[in-house]
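# Examining the three-dimensional arrangement
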Amino acid sequence: MPIDAAKALAAEPREGEISWDHKDVQLYHLGLGAGIPATDPDELRYTLESKLHVLPSFATVAGAGMAMMGGLAAPGIEVNLAAVLHGGQSIELHRPIPVKGQAHSTAKVAAVYDKGKAAVIVLRTEVADADGPLWTSDAQIFVRGEGGFGGDRGPSVSTEPPDRAPDRIEERTIREEQALLYRLSGDWNPLHADPEFAKTAGFDQPILHGLCSYGMTLKAVVDTVLGGDVSRVRAYRTRFAGIVFPGETLRIRMWEEPDRVRVTVSAADRDDAPVLADTVVEYA
């Protein structure tokens, strides 16, 4: 049945408590490929509890909550999960994420856009602790076959890179077991682990989580442009443009501008097939 946008937008937010500690942060960082070389002081900031800082993309897994799936159970939204794609992700940081935290999470459908042959549902999660707001996260969910209900098409978020050579090109190899490790942070979709399940979805082998590529890309930007200072990140957004497989290499192109870095990410092993597009890191 078509999405009832008015009903979805009017629904009461889903609220709950989340918590995390250094083990969750370290596991997330390891799932992004941190810790190579293991004794590198720059990598120890991601892996050693006495030196630990938190990469802001940790917001997408904090509390091991899958807000995306919860949001798709909201009133007015009845969709076939086989038609659902994670189309984009953004986070806005209100202050640095602490290594250990307890916070209140509020999730709601913030927007529903009609793209004709598909719908885009924006699921917004706001997280705050006793000291105030921590982050706001938007997941853009693309639902094939659910458009045509007469709604607003929504804004264009296309962010083309500058018409010049990138300022930096970084390559990050995805370890063979990386998807198996990353899924321990909360995304248990068998598409990322089970070869037989992946084949039913049309892939020769399990694919890497889009949010893992998302985190790997932010780490590359922080470690190079921002000198390893995670506290400088103010916002980060992307559109998921394609897949990448464990064992392949991400090619991350960066264009530096005042207060932001524009980024494209491709699969170096497959003729630079797009992985992330319309990607921007805003920083202080």
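Whatever comes next refers back to the structure up there.
Residues numbered from 1 in each chain as written. Predicted model: local features only at pLDDT ≥ 70, side-chain atom pairs only at ≥ 80, totals over all residues. Heavy atoms only, no water.

## So, the pairing of strand S9 (residues 260-267)
Worth spelling out the cut-off: Accessible area is worked out with a 1.4 Å probe on protein chains only. A residue is then buried under 20% of its type maximum, exposed over 50%, and partly exposed in between. Only DSSP runs of H or I covering at least 4 residues are called helices, and only runs of E covering at least 2 are called strands; the numbering of each starts at the N terminus. Strands are treated as partners if at least two bridges between them are detected by DSSP.
Counting buried residues along S9, 6 of its 8 residues qualify, which places the element largely inside the surrounding structure. Counting the residues that bridge the hairpin from strand S8 (residues 249-257) to S9 gives 2 residues, and of these Asp-259 lies at a positive phi of roughly 70°. As defined by bridge partners, S9 adjoins strand S10 (residues 273-283) across 7 bridges and the pair is classed as antiparallel. Each residue of the ladder has a partner; that of Ala-267, found in S10, is Ala-273. Hairpin connection, S9 to S10: the antiparallel pair is bridged by 5 residues, and Asp-271 has positive phi, about 55°.

## Details of the sheet that holds strand S3 (residues 101-114)
Inclusion rule: Note on method: axes are straight lines fitted to C-alpha atoms, helices fitted across the in-contact stretch only, with angles between N-to-C directions ranging 0 to 180 degrees. Contacts are assigned to residue pairs with any non-hydrogen atoms lying within 4.5 Å of each other.
The strand order S1-S3-S4-S5-S2-S7-S10-S9-S8-S6 describes an open sheet built from 10 strands, whose pairing is antiparallel. Either end of the sheet is taken by a strand with one partner, and the two such strands are strand S1 (14-20) and strand S6 (168-173). Averaged over all adjacent pairs, the angle separating strand axes in this sheet is 20°, with direction ignored. Examined bridge by bridge, strand S7 (residues 233-240) and S10 share 6 bridges and lie antiparallel to one another. Note that in S10 the partner of Ala-235 across the bridge is Glu-282. Against the sheet, helix H7 (residues 210-224) makes contact with strand S2 (84-93), S6, S7, S8, S9 and S10, and its axis sits at roughly 140° relative to S7, the strand it touches most.

## Side note on H7
The condition is simple: Multiplying 1.5 Å by the helix residue count minus one yields the expected span of that helix.
A rise of 1.5 Å per residue sets the reference length of H7, with its 15 residues, at 21 Å; its end C-alpha atoms lie 22 Å apart and thus fit the reference within 8%. Within H7, 13 of the 15 residues are buried, which leaves it mostly tucked inside the rest of the structure.

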